[in-house]
Amino acid sequence: MGPYYYGFGSQLLNFDNPENPEIAQTILQTFISRFRRIMDSSQNAYNEDTSALVARLDELERALFRVGQKGLNDFQCWEKGQASQITASSLVQNYGKRKFADMDG
């Protein structure tokens, strides 16, 4: 496909082209069909050479693969007690603060 398949395809949508709906649908269906395989591979290829797999991926897919591997690595560190204490994300904390502020007003 190419290293920037999704980026190139989405840039094509900026042009006034009667084929835009088909282009958008093709990009979306490609992503949907490949997403699960990419995430499964990222979770099951722990401590393995993934260079051949990653070489066939688009840049967006490579980023997803890296995020999947980081999530698995972080989880395994936490499971072994090698991670710091789990805390709520700042988004969750700020949401709670806004919700309480709304109740006061």
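Right above here is the structure, for reference.
Residues numbered from 1 in each chain as written. Predicted model: local features only at pLDDT ≥ 70, side-chain atom pairs only at ≥ 80, totals over all residues. Heavy atoms only, no water.

A.B. asks: How should I be thinking about helix 2 (residues 20–44) in this particular structure?
C.D. replies: Three or four residues apart is the spacing at which side chains of an α-helix point the same way, because the helix has 3.6 residues per turn. Between its first and last C-alpha atoms helix 2 spans 36 Å; for 25 residues at 1.5 Å apiece the expected length is 36 Å, and the two agree. The largest bend along helix 2 reaches roughly 35° and is located at Arg34. Among all positions of helix 2, only Asn20, Ile23, Ile27, Thr30, Arg34, Ile38, Ser41 and Ser42 are buried. (Helix = DSSP H or I, 4+ residues; strand = E, 2+ residues; numbered from the N terminus. Expected span 1.5 Å × (residues − 1). Bend = angle between axes of the 7 residues up to and from the residue. Buried < 20%, exposed > 50% of the residue type's maximum accessible area, 1.4 Å probe, protein only.)

A.B. asks: Teacher, can you tell me more about the side chain of Ser42 here?
C.D. replies: With respect to the element layout, Ser42 can be found in helix 2. Using a relative accessible area of 0% as the deciding quantity, one classes Ser42 as buried. Side-chain polar atoms of Ser42 contact the backbone oxygen of Met39, separated by 2.8 Å. (Polar contact = N/O pair within 3.5 Å; in protein donor to acceptor, adjacent residues only side chain to side chain.)

A.B. asks: Is there a simple way to think about the packing of aromatic side chains in this case?
C.D. replies: Two measures describe an aromatic ring pair: the distance that separates the ring centres and the angle between the ring planes. Counted under the stated rule, the structure contains four aromatic pairs. Pairing Tyr5 with Tyr6 gives two aromatic rings, centres 5.1 Å apart and planes at 80°, and the pair type is edge-to-face. On the numbers, 5.7 Å between centres and 40° between planes, the contact of Phe31 with Phe35 is tilted. On the criterion of helical spacing, the pair formed by Phe31 and Phe35 is a turn pair, its members being four residues apart in helix 2. Residue classification places Phe31 among the partly exposed residues on the basis of a relative accessible area of 26%. By the ring-pair criterion, three or more aromatic residues cluster together here, those being Tyr5, Tyr6, Phe31 and Phe35. (Phe/Tyr/Trp six-rings, centres within 6.5 Å; stacked < 30°, edge-to-face > 60°.)

A.B. asks: Looking at this structure, how should I read the pattern of salt bridges?
C.D. replies: Side-chain pairs of opposite charge can arise whenever the charged atoms involved come near each other. Applying the stated rule across the entire model yields three salt bridges. For Glu61, the salt bridge goes to Arg34, with nearest N and O atoms at 2.6 Å. Taken together, the positions of Glu61 in helix 4 (residues 59–79) and Arg34 in helix 2 put the pair 27 residues apart, joining distant regions of the chain. According to the relative accessible area criterion, Glu61 is buried, its value standing at 0%. (Salt bridge = Lys/Arg side-chain N within 4 Å of Asp/Glu carboxyl O.)

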